[in-house]
Amino acid sequence: MIYEQLINPKSIVVVGASDNILKPGGSVLHNLTTGTFDKDLYVVNARGGSIQNTKAYVSIEDIPQTDLAIISVPANQCLQTVEYLAKKKGVKAFIVFSAGFSEESEDGAKLEKDLVDIVNKAGAIMIGPNCSGYFNTKHQSIFTRPIPNLDPQGVDIISSSGGTITYIIESAMRIGLRFNSAWSIGNAAQVGVEDILEFLDNEFDPESSPKIKLLYLEKIADPDRFLNHSASLIRKGCKIAAIKSGSSSSGSRAASSHTGAIASSDSAVEALFRKAGIIRCYSREELANVAAVLTLKEIKGRNLAIITQAGGPAVILTDALSKGNIDVPEMNKELAAELKKHLLPGAAVSNPIDIIGTGTGEHMATCIDFCEKRFKEIDGIAVIYGNPGVSNVAEAYEILDQKIKTCKLPIYPILPSVIAASQEMDNFVKKGHVNFTDEYALANALSKVVSWTPPSVGKMEDIKIDIPRIRNIIDNASDGYIDSDTIRKLFDAAGIPQVQELVTNNKEEAISFANKIDYPIVAKCVGPVHKSDVGGVVLNIRSDDHLALEFDRLMKIPETTEVMIQPMLSGQELFIGAKYESKYGHIVLCGLGGIFVEILKDVASGLAPLSFNEASSMIRSLRAYKIIQGTRGQKGLNERLFTEIIVRLSILLRFATEIKEMDINPLLANEDKVIAVDARIRIEK
């Protein structure tokens, strides 16, 4: 697909231009005539004359040959308009504002298909229909406003929604972001997000191309293409942050496994973004703040110094950073005493460093220099400086401008006086800076950036797994839930540690096995999905008589076919699950196990096969991660082995696409071991 006439047109025609700038055809003309486009511009309006001081052609038949056409006419006029322009006027790029296509009705969907056929036959490119347009530094062919500050090294943004792209841009402008291009793709009838990512990937120049991409997505039509091109861009030096909306439809429909019950389209999105290396956001403000962090020098660690005029905002920031696993380390007493000599009486210097409300720009500069050169533990500096009415804010911001440019560490400016120092803030931002007006927003964005993991597309860890044996087991298995003996063989081939067990419907055999492995033991019914709900799990059985009694009771539970006998083990219950999604492959989930999987739904997801980095990132993203680490005197669990089991399971799944659902719940873990205790696997060939 050729993008040149869209990206850098030598001529543009607006079909359906208007004097009314509240109409799309009028607004886009206003943006073009007041923007950066300085080549041939034609407008078409049936009444002729002059439209916004631009000569208007009565008909498209009258215009010269043209590169790009912007179409703002009713849907039923689009086909003949586009076809004529493509055939007779050499137009190779179209931006179609018109609505009334697939978003509205089946007839509209047919009309849209016919429109795409016309464009494809002409070898042309089309954005839309039902979009708000496109802009870059060369032309602003979009009908929404405001147009942000443009910069060839600014942000590229792609959005499924015209309204949303406008609101994201407004949020970004407020904190100082600049833009290189914006793509509002609307119905994405011909050009979708995957196509644009492919174009940006193929055209990427590490010396001159912008490095930050923002996405607002309502659908991902082709996950493989999306993954490959986004990961490729990131490997080339880009950072991508994205919102995916419409992912909240839960998998709470009747399901035959824990994973089936909790997995949703959101799990697939989370897994896809993790594998691609995309930073996931959930709001416009969050997306803008993450982008702002990415425009600054890269932070190399998780330790921050805070320089502030006021104690409260510094405390809020410290607390918020802590939630994001970013530390504010205390300065040692000797260094603190040395710094205090250069500040006003009353200043606090342990970190946060409070220069107090009367502290000047020079005091701030002294602290920045001191942190950069003497406070070796830190990796970045946050500066909170507003206008309490007793300081020269303009002078302080001039100093901050210079320090951001010269300091080797990233400096995060939090300038909160949006009214009292609005002019000074505007002047600061106009110099090319961003401003985080809210400290909590900065902490949240920074935590997402420092938790980023690189792409792992196509990466499969080189660990010993018997793939031929796995394939042989799967090939000889029948559809449906496989028996526990087959599961044991699969896990053995994959190197997943398992508890000793016996599955039998023979009471004497169960008692003999219990004596072999020694009491106490656990007995579970085999058959029902949720064993605990039907009284199908008995713990701490210590004698033959007790086992005989419980064996008989368990066998009477509806749907029970056998009883499983295992040694009584202790440890923290963990969970790993997997579900096959047709466009995505296997989504692997992990979290705390037992009954808490569905209650808390504290799970992380990844896309098989998983690298060690991905699996580790999944574990560390859990809200319950502190339990895995060890807390309040409790020893931590064997995180390395938990990670390895997730990776091994993901490789097993990569070579067994017939597995549609899987639960390992629980795995029992302590500081030494992680052992699979119970598992269910459903095969569908």
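Residues numbered from 1 in each chain as written. Predicted model: local features only at pLDDT ≥ 70, side-chain atom pairs only at ≥ 80, totals over all residues. Heavy atoms only, no water.

The name given to the chain in an unreviewed UniProt entry is ATP-grasp domain-containing protein, and the organism recorded there is Dysgonomonas gadei ATCC BAA-286.

**Here's the deal with the overall build of the chain**
Tallying secondary structure elements over the chain gives 24 helices and 29 strands in all. Taken along its principal axes, the extent of the C-alpha atoms in the chain is 100 × 75 × 40 Å. Here the chain holds 685 residues, and the buried ones make up 57% of them. Carbon and sulfur atoms provide 48% of the accessible area of the chain, an area that totals close to 28,900 Å². Put simply, the chain has 74 plus and 84 minus side-chain charges, and the middle of one group is 2 Å from the middle of the other. (Helix = DSSP H or I, 4+ residues; strand = E, 2+ residues; numbered from the N terminus. Buried < 20%, exposed > 50% of the residue type's maximum accessible area, 1.4 Å probe, protein only. Areas by Shrake-Rupley, 256 points an atom, 1.4 Å probe, with all protein chains shown as cover. Lys, Arg positive; Asp, Glu negative; His and termini not counted. Charge placed at Lys NZ, Arg CZ, Asp CG, Glu CD.)

**Topic: the pairing of strand E24 (residues 572-581)**
Side chains on a regular strand alternate between the two faces of the sheet. Here E24 runs beside strand E27 (residues 659-669); their pairing, made up of seven bridges, is antiparallel. The residue bridging Glu-573 from the neighbouring strand is Leu-668, located in E27. Hairpin connection of E24 to strand E25 (residues 585-592): three residues between the antiparallel strands. (Pairing = 2+ DSSP bridges.)

**Topic: the UniProt feature "domain: ATP-grasp" (unreviewed entry) in the chain**
If you check UniProt for "domain: ATP-grasp" (unreviewed entry), the listed places come out as residues 488-524 in our numbering. The straight-line gap between the two end C-alpha atoms of residues 488-524 is 16 Å; of that span, 49% is helix and 19% is strand. (UniProt positions renumbered as here; feature names shortened; annotations may be inferred.)

**Some words on the packing of aromatic side chains**
One pass over the structure, following the stated rule, counts nine aromatic pairs. The positively charged end of Lys-239 is found above the aromatic ring belonging to Trp-452, 4.7 Å away from the centroid. The cationic tip of Arg-680 hangs over the ring face of Tyr-481; the distance from NZ or CZ to the ring centre is 4.0 Å. (Phe/Tyr/Trp six-rings, centres within 6.5 Å; stacked < 30°, edge-to-face > 60°. Lys NZ or Arg CZ within 6 Å of the ring centre and 35° of its normal.)

**Some details on the domain arrangement of the chain**
Along its sequence, the chain is organised into domain 1 (1-143), domain 2 (148-295), domain 3 (299-451), domain 4 (500-568) and domain 5 (572-683). Summarising the inter-unit geometry, the C-alpha centres of domain 1 and domain 4 are found 72 Å apart. (Domains from an automatic or database assignment.)

**What to know about the environment of Ile-381**
Its location among the elements puts Ile-381 in strand E17 (residues 380-384). By relative accessible area, Ile-381 is classed as buried at 0%. Separated by 31 residues in sequence, Ile-381 and Tyr-412 have C-alpha atoms that sit 6.2 Å apart. What Ile-381 contacts, discounting residues up to four positions off in sequence, is Leu-304, Ala-305, Ile-307, Ile-368, Cys-371, Cys-407, Leu-409, Pro-410, Ile-411 and Tyr-412. (Contact = heavy atoms within 4.5 Å.)

**Concerning the sheet that holds strand E21 (residues 521-526)**
As summarised here, the arrangement of the four strands in space is E20-E23-E21-E22, forming an open sheet in which the pairing is antiparallel. Two strands lie at the open edges of the sheet, namely strand E20 (502-504) and strand E22 (537-541), each paired on one side alone. The average undirected angle you get between the axes of adjacent strands in this sheet is 20 degrees. Where E21 and strand E23 (residues 562-567) come together, six bridges link them in antiparallel fashion. Pairing of Lys-524 across the sheet is with Met-564, part of E23. Strand contacts of helix H19 (residues 507-517): E20, E21 and E23, with the helix running at about 170 degrees to E20, the strand carrying the most contacts. (Axes fitted to C-alpha atoms, helices over the stretch in contact; angles between N-to-C directions.)

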